[in-house]
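A structural walkthrough
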Amino acid sequence: MLTTAPRGTRDILSPEVEKWQYLEDKIRQHCHRYAYSEIRTPIFEHTELFQRSVGETTDIVQKEMYTFQDRGDRLLTLRPEATASTVRAYLENRLYAQPQPVKLYYIGPMFRYDRPQAGRYRQFYQFGIEVIGSQDPSVDAEVILLAVHLFADLGLRDLEVHLNSIGCPQCRSAYRQELRAYLKGHLGKLCPDCRARYEQNPLRVLDCKKEHCRQVAGQAPELSSYLCQECREHFAAVQEYLESLDVKYQLNPNLVRGLDYYTKTVFEIVSRELGAQAAICGGGRYDGLVEECGGQPTPGIGFALGIERLLLALDKGGIELPGREPLDVFLAALGSKVQAPALKLLYQMRQHKLRADKDYLGRSLKAQMKYADKKEARYVVILGEEELERRMVLIREMATGKQEEVPLEQAVEIILEKMGGVADGK
RNA sequence: GUGAAUGUAGCUCAGCUGGUAGAGCACCAGAUUGUGGCUCUGGGGGUCGCGGGUUCGAGUCCCGUCAUUCACCCCA
C-alpha cells in the first residue's frame, strides 16, 4: 500500500505530462481569446454547497462524494465538480458588482467515489467555463462554440454535439406531471432503477438505456412540446445561432443530464469511439443556481470537459500531441577539475535559454555520449582537462557526427548561431 | 454498489497435467585506457500483487484481499 496510489488515482509523468501541458496551453489560449479569465477555487468546500446545488437526489451527492470532517468538526467535501464552487465564489467575492456577465474558466482536479474504468477516475481533471449574469441565447451558442472550436483546433473529428432544452422550473414541472401520469400506466415494464426514478426524478427515465425502458420512453410525451413560450424562443434562438456558426448538432430529446441545477439548454459532446465513457464534455444553463445559493436571481451557463477523456479521444483519433522535448546541448565534462568551469558554462547556456544538461555520475565519455543520445541532444559540448588548459571546447553535432574545436568563451555564442540565432527558450 | 476477466523483472510476455523462475526490449559495464546511434560479450535486477489454506513441495490448486481492465449504474 505504501507504494501504491489510492484506487482511481494515478501519477502523470514525463512523456505524458508534456501532452497535458500542451493541452492546458491550448485551453488557456482559447479561453483568452474568448475573453474568459481564470478562477482557482479551493479543492474542497462545505458539503452543504454541493448538496444544495448539485441536488440531494443525484448520484453525485448520494453515493460519489468524498466527504470528511476536519478537526474543527466542519463537514467538508472534495469538489465533485466546479460549477457550485464558481457560483459560491461569484457571490462571496461580489462579482455581481462587476461588469456583467462574468466569464470564468478553470482547470483542475475533481473527485468522485466511483468504480474506476477506462476514462473514469476518482481523481480526474476537468476544464470548464462558466458565464454568469446573462440569459442571452448567444451566450449558450458561444459556450458550445468554444468547446467545438477547441476540439477542431486540436484536430478532433467525428464528435457529436447533442442538444436539448429541459425548460424552466415552470414548464418542466408541468411536463413532469404529464410524464408521471404517462409512466404510471407502464410502471410494470420499467426496470427497478426507473421505478425509483419515477418517484424521484422521472425525467431521468428518458435517459435509461434498457430496452424496455427505451420503448416506454419512446412513446412518452415530449418535453419540447411542453416548453413555455420563453423557453421555446430561447431554444430556437440557440439553434439559429449555432446554425449560423456552422456548428453541427443533433437534437436529443432524451438528453436530461444528471445534475439538478440545469435549466433550458443542456448539451453533451460525445465521441462514439470512447465506449461507455463517451461524453467528453457536458454542460448547460443553470438560471436558478445563483439564487439557490443565496444570491439574487441570476442566470448562468457553463460546461465541464474531461481532460482524461479528451486525451483518450485524441489518442483514438490518431492525433499525436508533442511529448518530451529533446535537449539543445549536453555538456560532457571529463574529470573533477573541469566541473567548476563546466557548471559555469552550463549556467551561461541556460541564461541564453538553451535547454542544457550534464552528467552527474562521473561517467565515462562513452557513457555520457550514450546518455546524450538517449536525451536526443542536438549538440554535445565536450570539455576535458586538456581542452580546459587551452581554453577550448569541442562542439559535436549529433545528427551528423561533425565536430569542431572552438574557444570556450565563444562556445555559447557559436551554438546559438548554429541553432539559427536564438533558442526558443521554452 | 452489481457482474466478468486479469495480476510473473522497469516494459511486453512465456512458464505443459503442482517440483522452489525464463525470453525480448530497457538499464549498467566491457569490446574502442576521451566520443552516441549498429553489432558482440558480460552484469545487476523478481516479496511470481498481498494474506491465508491444501500439499513432502504452489507462480501453477482453493479461499480472502488489493489493484487493473471491461460492462452495468452514473458521469467528465
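A brief look at the structure comes next. The shown structure was predicted, so the numbers you read here are calculated from the model rather than taken from an experiment. (Residues numbered from 1 in each chain as written. Chains lettered and ligands numbered in written order. Predicted model: local features only at pLDDT ≥ 70, side-chain atom pairs only at ≥ 80, totals over all residues. Heavy atoms only, no water.)

**A closer look at unusual backbone geometry**
Filter applied, for reference: Think of it this way: any DSSP run of H or I at least four residues long counts as a helix, any run of E at least two long counts as a strand, and we number them from the N terminus. Working definition: with a 1.4 Å probe on protein chains only, accessible area under 20% of the residue-type maximum means buried, over 50% means exposed, and in between means partly exposed.
Residues glutamine 100 and proline 101 are joined by a peptide bond in cis, for which omega reads -5°. Among the structural elements, proline 101 can be located in the loop between α4 (83-92) and β5 (102-111). With phi around 65°, alanine 35 is a residue other than glycine that occupies positive phi space. When its relative accessible area of 51% is taken as the criterion, alanine 35 is described as exposed. Of note in the backbone geometry, aspartate 246 takes a positive phi value of approximately 65° without being a glycine. On the accessibility criterion, aspartate 246 (57% relative accessible area) is exposed.

**Comments concerning the environment of glycine 294**
Topologically, glycine 294 is positioned in the loop between α10 (289-292) and β11 (300-306). With a relative accessible area of 65%, glycine 294 lands in the exposed category. It is 9.0 Å that separates the C-alpha atoms of glycine 294 and arginine 88, two residues lying 206 residues apart in sequence.

**Things to note about the packing of aromatic side chains**
Selection criterion: Centres within 6.5 Å make a pair out of two Phe, Tyr or Trp rings, where for Trp the six-membered ring is used; the pair is then stacked when the planes are under 30 degrees apart, edge-to-face when over 60, and tilted otherwise. Two conditions define a charge located above a ring, namely a distance within 6 Å from the ring centre to NZ of Lys or CZ of Arg, and an angle within 35 degrees of the ring normal.
Enumeration according to the criterion identifies 11 aromatic pairs in this entry. Taking the centre distance of 5.8 Å and the plane angle of 75° together, the rings of tyrosine 261 and tyrosine 286 count as edge-to-face. Of this pair, tyrosine 261 sits in the loop between β8 (250-251) and β9 (263-271) while tyrosine 286 sits in the loop between β10 (279-285) and α10, and the two are 25 residues apart along the sequence. Three or more aromatic residues link up through ring pairs in this structure, and these residues are Tyr105, Phe127, Phe267 and Phe303. The ring of tyrosine 113 is capped by arginine 122, whose NZ or CZ atom sits 4.0 Å from the centre of that ring.

On their own, these measurements won't tell you what the molecule is for.
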